[in-house]
Amino acid sequence: MCGCAALVAGGWLPTPVLPRRLRRRRRGTSVRAEASSGGESARKKVAVAGAGWAGLAAAHHLIKQGYDVTLLGAGSGPTEEVGLRGFWYPYRNIFALVDELGISPFTGWNKAAYYSPQGLAVEFPIFHNQPRLPAPFGAFAYPGFPDLPLVDRLTSIPVIAAVIDFDNTDTAWRKYDAMTARELFKMYGCSQRLYKEVFEPAIQAALFAPGEQCSAAATLGMLYYYMLSHQENSDFLLCRGDVEDKIFSPWLKSLELKGLKFVANKVPTSLIIDKDSARISAIVCREDVYEADAFVSAMGLSHLQSIITNSPFLRSDREFANLLRLSTIDVICVRLWFDKKITIPNVANVCSGFDDSSGWTFFDLTSVYDDYYEEPITVVEAEFYNASHLLPLGDEHIISEASSRLMKCIQGFDGATVIQQSVRRSPRSVINYLPGSYKYTMRGSTSFPNLFLAGDWIVNRHGSFSKEKACVTGLEAANRVVDYFGIGDFAKIIAVEGDEPHIETLRSLNRRANELKSQIPVSEFFLE
């Protein structure tokens, strides 16, 4: 392979990467891809590594624009990324894609609850069914708090000042990323019970770690997106079966009919760089090499970290080396079949306080999945986050732990027998939003002009989280490919719904106040 060097330990170091200002970038409106006289061989080839929401979304748009796309999947078929379950009201781009596919995989809106070791802590209604209140008052007024005094709930009001100040800009992220979520709520006078019974469970379920290990910036962004920006944003749908079967399988079939090449059981192990152009020329999956003109990495953070670790060149590149500073979280998913029908008041349940470091959730699949609805059994799926202490344990120990926790939440599990079970371990599967991590996280473009990133862990300004963010960044990566080659139309990405008028006004006033503060001569003297 003349002029190329594999980015693996002991390989050659290629010539330096071109500075950003020298890379060819097309600005302005896009143009339609013209039919070429060269046929199939003249089409630009794009390799997409990772067949989850991000990879499928990127492949979806690129196939529509006439590119020759190869999608590399780690499993036998597309696999959903580990993350927050459910399809929440603001997942507008996912809903648009599902509508385009012409499928109906979802339930209606669902109720949810929070549990502590003492029992039910919070019960959430379907917010669509409640009179609409100005944000964020609906999120505070309508949930049921069986045992949380009003005085505790009122201590949430000062936190609104931080919500107003955090406007999802780079400045806001850098300002709040230095502190933990717990420090944030302590600073604004949140009561201990409100934090433990309401905010901490939300943090553990959406960011997969306790507040002491989560950035205040990520916490504010998550809470505003899912709960505080619009009353209806707290509502969610569930898939009526496994996402891989109900959504990904028909999606993949539709893409293959349009020319997509899907290659199963391929995990990238290294990259190959062309020394002369300082561009990526191929992805290596052990003994297999996949050449292309452009590449989209839609892999999880830990997979990309493994490639960087094995590459002297990538370790010498600051933006890639910084990714090694980021931490990841272990997740365990347990599915249990019980021998009788058990009444579970809410299909989705978030649990916190059962140990010091991990949160967990459980879902009543009997009420959700088409395959289980009429069966005389109960099927529950429990997910344990920040579960490094559970990861080395045997399946029987994990199943026993899950069963005992379920009995503490729902009395009906007492006396029920597990007749079937499955345990899926996902080590290092989601990013840990530790304080200070924002400055080390990459954007969608890289120092290689033909390599683009997608996934729910990268930085973008859309404002979404979890699978919706993965889908959006996949479309953004496709747009970068279109921009790089100057061929095709840009994907239309649906923006997050704008702030309500009173929030917009308050944020405008807050920005003006911050501008005036920055003009004071001694403003930079004091520690922030």
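Reading the values: the criteria
Residues numbered from 1 in each chain as written. Predicted model: local features only at pLDDT ≥ 70, side-chain atom pairs only at ≥ 80, totals over all residues. Heavy atoms only, no water. Buried < 20%, exposed > 50% of the residue type's maximum accessible area, 1.4 Å probe, protein only. Helix = DSSP H or I, 4+ residues; strand = E, 2+ residues; numbered from the N terminus. Pairing = 2+ DSSP bridges. Axes fitted to C-alpha atoms, helices over the stretch in contact; angles between N-to-C directions. Parallel < 35°, antiparallel > 145°, perpendicular 65-115°, else oblique. Contact = heavy atoms within 4.5 Å. Nonpolar A, V, L, I, M, F, W, Y, C, P; charged D, E, K, R; others polar. UniProt positions renumbered as here; feature names shortened; annotations may be inferred. Polar contact = N/O pair within 3.5 Å; in protein donor to acceptor, adjacent residues only side chain to side chain. Core = buried A, V, L, I, M, F, W, Y, C linked by side-chain atoms within 4.5 Å. Domains from an automatic or database assignment. Patch = residues over 30% accessible without salt bridge, like charges linked within 9 Å, V, L, I, M, F, W, Y side chains within 5 Å. Areas by Shrake-Rupley, 256 points an atom, 1.4 Å probe, with all protein chains shown as cover. Salt bridge = Lys/Arg side-chain N within 4 Å of Asp/Glu carboxyl O. Lys, Arg positive; Asp, Glu negative; His and termini not counted. Charge placed at Lys NZ, Arg CZ, Asp CG, Glu CD. pLDDT = per-residue confidence, 0-100. Phe/Tyr/Trp six-rings, centres within 6.5 Å; stacked < 30°, edge-to-face > 60°. Buried area = accessible area lost by both parts, 1.4 Å probe.

Per an unreviewed UniProt entry, the protein chain carries the name Amine oxidase domain-containing protein and comes from Eragrostis curvula.

1. Comments concerning the pairing of strand S10 (residues 279-285)
The element S10 is largely enclosed, with a buried count of six among its seven residues. Taken together, the five bridges between strand S9 (residues 270-274) and S10 define a ladder with antiparallel strand orientation. Residue pairing for S10: Ser 270 is matched across the bridge by Val 284. What sits between the antiparallel neighbours S9 and S10 is a turn of four residues, in which Ala 278 has the positive phi angle 55°. Examined bridge by bridge, S10 and strand S11 (residues 288-291) share four bridges and lie antiparallel to one another. Among the inter-strand pairings, Val 284 is bridged to a residue of S11, identified as Val 289. Counting the residues that bridge the hairpin from S10 to S11 gives two residues, and of these Arg 286 lies at a positive phi of roughly 55°.

2. Describing the packing of helix H2 (residues 92-101) against helix H15 (residues 466-485)
In contact at an axis separation of 8 Å, H2 and H15 are set at 70° when each is read in the N-to-C sense. By the criterion of interaxial angle, the relationship of H2 to H15 is roughly perpendicular. Across the interface between the two elements, Arg 92, Asn 93, Ile 94 and Leu 97 from H2 touch Lys 467, Glu 468, Cys 471, Val 472 and Leu 475 from H15. The class makeup of the residues in the contact of H2 with H15 is five nonpolar, one polar and three charged.

3. Observations regarding the UniProt feature "domain: Amine oxidase" (unreviewed entry) in the protein chain
Cross-referencing UniProt, the feature "domain: Amine oxidase" (unreviewed entry) maps to residues 54-481 in the present numbering. With 34% helix and 21% strand, residues 54-481 has its two end C-alpha atoms placed 14 Å apart.

4. Quick word on the sheet that holds strand S5 (residues 112-116)
Strand order in this open sheet of seven strands is S6-S5-S14-S15-S16-S13-S17, and the pairing throughout is mixed. If you trace the sheet from one side to the other, it starts and ends with strand S6 (119-124) and strand S17 (418-432), each paired once. Neighbour-to-neighbour, the strand axes of this sheet turn through a mean angle of 20°, independent of strand direction. The sheet contact formed by S5 and strand S14 (residues 348-351) spans four bridges and is parallel. The partner of Tyr 114 across the bridge, within S14, is Val 350. Packing of helix H8 (residues 192-207) onto the sheet brings it into contact with S5, S6, strand S13 (327-338), S14, strand S15 (360-364), strand S16 (378-385) and S17, and relative to S5 it is tilted by some 110°.

5. So, the environment of Leu 62
Relative to the helices and strands, Leu 62 resides in helix H1 (residues 53-64). Residue classification places Leu 62 among the buried residues on the basis of a relative accessible area of 0%. For Leu 62 and Ala 478, which are 416 residues apart along the polypeptide, the C-alpha to C-alpha distance reads 6.0 Å. Each residue touching Leu 62, except ones within four places of it in the same chain, is listed here: Val 46, Tyr 67, Val 69, Ala 478, Val 481 and Val 482.

6. Concerning the side chain of Asn 110
Residue position: Asn 110 is located in the loop between H2 and S5. We classify Asn 110 as buried; its relative accessible area is 11%. Within the structure, the side chain of Asn 110 is placed 2.9 Å from the backbone oxygen of Gly 108, a separation counted as a polar contact. Those residues in contact with Asn 110 that sit more than four places away from it in its chain are Ile 126, Phe 236, Leu 237, Leu 238 and Val 347.

7. Examining the nonpolar core
Core analysis: the largest hydrophobic core is formed by 145 residues, its most contacted members being Phe 87 and Ile 247. If you tally residues by element for this core, the top one is helix H9 (residues 216-228), at eleven residues. Composition of this core by domain shows at least three residues from each of domain 1 (45-81 + 242-326 + 440-485) and domain 2 (84-241 + 329-433). In contact with Phe 87, other than residues within four places in its own chain, are Trp 53, Glu 80, Ile 94, Phe 95, Phe 106, Trp 109, Phe 236, Leu 237, Cys 239, Val 243, Ile 247 and Lys 467. Counting residues in each nonpolar core, the second largest holds 27 residues, with Val 334, Ile 342, Cys 351 and Cys 409 among its members.

8. What about a negative patch on the surface?
On the surface, a cluster of negative charge is contributed by Asp 245, Asp 371, Glu 374 and Glu 375. Looking at where Glu 374 falls in the secondary structure, it is placed in the loop between S15 and S16.

9. As for the confidence of the model for the protein chain
Scored by pLDDT, the protein chain has a mean of 91; 91% of the residues are at 70 or more. A low-confidence stretch, residues 1-38 (pLDDT under 50), is modelled with 97 contacts involving residues beyond four sequence positions or located in other chains.

10. Things to note about the packing of aromatic side chains
Counted by the stated rule, this structure contains 33 aromatic pairs. Aromatic side chains Tyr 226 and Phe 465 sit 6.5 Å apart centroid to centroid with 50° between the ring planes, which places their arrangement in the tilted category. Taken together, the residues Tyr 226 in helix H9 and Phe 465 in the loop between strand S18 (451-453) and H15 connect sequence positions 239 residues apart. Grouping residues by exposure puts Tyr 226 and Phe 465 together as buried. Centre to centre, the rings of Phe 313 and Phe 448 are 5.9 Å apart; their planes meet at 55°, and the pair counts as tilted. With Phe 313 in helix H12 (residues 312-316) and Phe 448 in the loop between S17 and S18, this residue pair connects regions lying 135 residues apart in the sequence.

11. Describing the domain arrangement of the protein chain
Domain annotation of the protein chain identifies domain 1 (45-81 + 242-326 + 440-485) and domain 2 (84-241 + 329-433). In this complex, domain 1 contributes 30 residues to the contact, which on the side of domain 2 involves 35 residues. Of all residues in domain 1, Lys 246, Phe 465 and Glu 468 give up the largest surface area on contact with domain 2, accounting jointly for 27% of the area buried on that side. Put simply, domain 1 and domain 2 have four salt bridges between them. The shortest N-O distance in the salt bridge between Asp 242 and Arg 335 comes to 3.0 Å.

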